[in-house]
Amino acid sequence: MLNVAIKAARRAGNIINRASLNSERIQVTRKQHNDFVTEVDQAAEAAIIETLREAYPDHGFLAEETGETVGSQAADQPSHVWIIDPLDGTTNFLHGFEQYSVSIALMSRGQLEQAVVYDPSRNDLFTATRGRGAFLNDKRIRVTQRTKLQESIIGTGFPFRDFTHLDTYLGMFKDMIKKTTGLRRPGSAALDLAYVAVGWYDGFWEIGLSAWDIAAGGLIVQEAGGMVGDFEGNED
């Protein structure tokens, strides 16, 4: 299953890379404030679903642009669901800022089992299978061993669409910027989590992420020896 997910991610990455060569002609639709979808997102997602469905016609899909669908023979709640973000970091992509990724995860009977985060601009492939570790381009990766916050670089994501918790976030930001070596916000949560897994960050937090933002990256972190949870420390 992981190999099929890799094939799907690379196929989407090829679509994204070709489009990046002529980004000024890309058709863009605004979903809501500061939330955009492009024809590239849609084409990449279609390519991913087509690749996965060809191999697993009964599996379900939870994808950012098309929503939730089930396979041809699946029940209302399929036992296998692919969680997909075809282009995590669309705004970066539109501005030519090469920090975006393809995120694909497989949830089997409520548990994440496979994960791929692919950075098409750098051709970096982060993968994980439950119980088998995490890898960057076939090389095993581990989280850092730093234990002191004041020695750590921490990734984050600014509120950009829903500002309900902006004041809460700014309070967190103020605390963390004082207590760490530094904060970073490149703009793709899936890649941010992958960076925790490989040790380029020592941690990451963000408010208001969706399942397709964190499913693949979360499993990669866990398989690299890290922890993933909510703000109360629960594994969710």
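Relevant structure appears above.
Residues numbered from 1 in each chain as written. Predicted model: local features only at pLDDT ≥ 70, side-chain atom pairs only at ≥ 80, totals over all residues. Heavy atoms only, no water.

### Points about helix α5 (residues 189–198)
- Of all ten residues making up α5, ten are buried, and the element is well covered by its neighbours.
- Positive backbone phi, at 95°, marks glycine 199, one or two positions downstream of α5. (Buried < 20%, exposed > 50% of the residue type's maximum accessible area, 1.4 Å probe, protein only. Helix = DSSP H or I, 4+ residues; strand = E, 2+ residues; numbered from the N terminus.)

### Concerning a negative patch on the surface
- Taken together, the side chains of Asp230, Glu232, Glu235 and Asp236 define an acidic patch exposed on the protein surface.
- Tracing the backbone shows aspartate 236 in the segment after α6 (211–223).
- Relative accessible area serves as the criterion here: at 73%, aspartate 236 is assigned to the exposed category. (Patch = residues over 30% accessible without salt bridge, like charges linked within 9 Å, V, L, I, M, F, W, Y side chains within 5 Å. Areas by Shrake-Rupley, 256 points an atom, 1.4 Å probe, with all protein chains shown as cover. Salt bridge = Lys/Arg side-chain N within 4 Å of Asp/Glu carboxyl O. Lys, Arg positive; Asp, Glu negative; His and termini not counted. Charge placed at Lys NZ, Arg CZ, Asp CG, Glu CD.)

### Notes on the nonpolar core
- Core analysis: the largest hydrophobic core is formed by 31 residues, its most contacted members being Leu52, Trp82 and Ile104.
- Elements with a minimum of two residues in this core: α1 (2–20), α2 (39–55), β3 (60–63), β5 (80–88), β6 (101–108) and β7 (111–119).
- The element that contributes the greatest number of residues to this core is α1, accounting for ten residues.
- Residues within four places of isoleucine 104 in sequence aside, it is in contact with Ala5, Ala8, Ala9, Ile48, Leu52, Trp82, Ile83, Gln114, Ala115, Val116 and Ala216.
- Residues Phe126, Val143, Tyr201 and Val221 belong to the second largest nonpolar core, which totals 30 residues. (Core = buried A, V, L, I, M, F, W, Y, C linked by side-chain atoms within 4.5 Å. Contact = heavy atoms within 4.5 Å.)

The values are spatial; any link to function lies outside them.
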